[in-house]
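Here's the letter readout for the chains.
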Amino acid sequence: MYEAPPEDNWFTPAQLTKLSWPEIAYFLSKAFLELESKKISQNSLAILWAQVCLETAHGGKIFNNNFGNIKKLKDHSYTSYDCSEILNGKNENFKPYHPQTFFAAWPTALDGAKGYLYFLKTKKNYKEAWQMMLLGDPVKYVEALKKGGYFTANLASYTKVVVNLTKTFHKNYESFMTYEPPTIVEPKEKLPESETKQPPESIGSNKEQDKEATVIKDKVKEVPTPNFWDNIAQVLKLWFKIK
């Protein structure tokens, strides 16, 4: 029934866009700065980083730059990938292209990080969670997410993992904050073949003139130069002839 992908223009194929721990921290920090025009606190960043790691298998299963496994949004690009949900107390697995597998998609990691934060900040259901994140309280943050319907997993289990991950973040905070993405060097534009060829030598070019001068010098060398005794002989011949 759900074997074929949706045919609407918002759908895009699933693409694995995994990130390392430092990359997750970097893009969340940069996204917060761009959205809020201020630097995020260490405690707040720890909470967001921990939840993203929980939701995406430590960054190894981020698809289409979706940092928080946010479901399909209205009038927004989306994709489809395997997922599981706890429904009525039972764990159920879903395969593409079941509606439960529709998730929002973003073109870049920074776009995805900003989309994740904007979603938490602007959705009514998560207004309290956003405030708890700003206060740096991971336990109350998770409680507010659960209350708003963000996840279907067990509250105690989810909270425990998030809290433990925040501790991991704090241990690695200094190294995370020194991370910078590699600079991509754009390849130099290759000139058209016509521009790389040397122009043909013109008739009056210096090169041609040098060749002509060399030929003339060679010819001059071939002309014998009379020596002193030759000149004396010529004079004597003339003298005896006159006589």
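Located above this text is the structure these notes cover.
Because the structure is a prediction, the values reported are computed rather than measured.

This next bit is on the pattern of salt bridges. Here the structure, examined in full by the defined rule, presents 6 salt bridges. Across the salt bridge formed by Lys114 and Glu34, the nearest N and O atoms sit 3.1 Å from each other. A residue pair is termed long-range when its members are at least 10 positions apart, and Lys114 in helix 3 (residues 109–122) and Glu34 in helix 1 (residues 21–36) qualify at 80 residues. Taking the relative accessible area as the measure of exposure, Lys114 reaches 25% and is therefore partly exposed. Between Glu36 and Lys121 there is a salt bridge, with its nearest N and O atoms 2.5 Å apart. Highlighted residues: Glu36 in helix 1 and Lys121 in helix 3, separated in sequence by 85 residues. Counted as one network, the salt bridges with shared partners bring together Lys30, Glu34 and Lys114.

Glancing now at helix 5 (residues 138–148). Within helix 5 the residues assigned to the buried category are Pro138, Tyr141, Val142, Ala144, Leu145 and Gly148. For helix 5, the angular spread of buried residues about the axis comes to 160°, placing them on one side. Sitting at the amino-terminal end of helix 5 is Asp137, which places a side-chain oxygen 3.2 Å from the backbone nitrogen of Val139.

Moving on: the packing of helix 2 (residues 42–55) against helix 3. Their axes nearest at 13 Å, the elements helix 2 and helix 3 cross at an angle of 110°. Between helix 2 and helix 3, the angle falls in the class roughly perpendicular. Read as a crossing pair, helix 2 and helix 3 show a hand that is right-handed. Seen from helix 2, the contacting residues are Leu48, Gln51 and Val52; seen from helix 3, they are Tyr116, Leu117 and Leu120. For the contact of helix 2 with helix 3, the class distribution of residues is 5 nonpolar, 1 polar and no charged.

With 47 residues, the main nonpolar core has Leu28, Trp49, Tyr116, Tyr141 and Tyr150 as its most contacted residues. Counting only elements with at least two residues in this core, the list comes to helix 1, helix 2, helix 3, helix 4 (127–135), helix 5 and helix 6 (155–177). In terms of residue count, helix 2 provides more of this core than any other element does, 8 residues in total.

Take the environment of Ile24 next. Assignment of secondary structure puts Ile24 in helix 1. Residue classification places Ile24 among the buried positions, given a relative accessible area of 0%. The sequence separation of Ile24 and Gly59 amounts to 35 residues, and the corresponding C-alpha distance is 7.3 Å. The contacts of Ile24, once residues within four sequence positions are left out, are Leu19, Trp49, Val52, Cys53, His58, Gly59 and Phe67.

Moving on: unusual backbone geometry. Along the chain, Pro96 connects to Tyr97 via a cis peptide bond; the corresponding omega equals 10°. Turning to its location among the elements, Tyr97 is positioned in the loop between strand 3 (90–94) and strand 4 (102–104). Residues other than glycine seldom take positive phi values, yet Ala57 does so here, at roughly 55°. What makes Ala57 partly exposed here is its relative accessible area of 41%. The phi dihedral of Asn88 falls on the positive side, at around 55°, and the residue is not glycine. Position of Asn88 among the secondary structure elements: in the loop between strand 2 (83–87) and strand 3.

The rules behind the values
Residues numbered from 1 in each chain as written. Predicted model: local features only at pLDDT ≥ 70, side-chain atom pairs only at ≥ 80, totals over all residues. Heavy atoms only, no water. Salt bridge = Lys/Arg side-chain N within 4 Å of Asp/Glu carboxyl O. Helix = DSSP H or I, 4+ residues; strand = E, 2+ residues; numbered from the N terminus. Buried < 20%, exposed > 50% of the residue type's maximum accessible area, 1.4 Å probe, protein only. Arc of directions from axis to C-beta. Polar contact = N/O pair within 3.5 Å; in protein donor to acceptor, adjacent residues only side chain to side chain. Axes fitted to C-alpha atoms, helices over the stretch in contact; angles between N-to-C directions. Parallel < 35°, antiparallel > 145°, perpendicular 65-115°, else oblique. Left-handed = near helix turned anticlockwise from the far one by under 90°. Contact = heavy atoms within 4.5 Å. Nonpolar A, V, L, I, M, F, W, Y, C, P; charged D, E, K, R; others polar. Core = buried A, V, L, I, M, F, W, Y, C linked by side-chain atoms within 4.5 Å.

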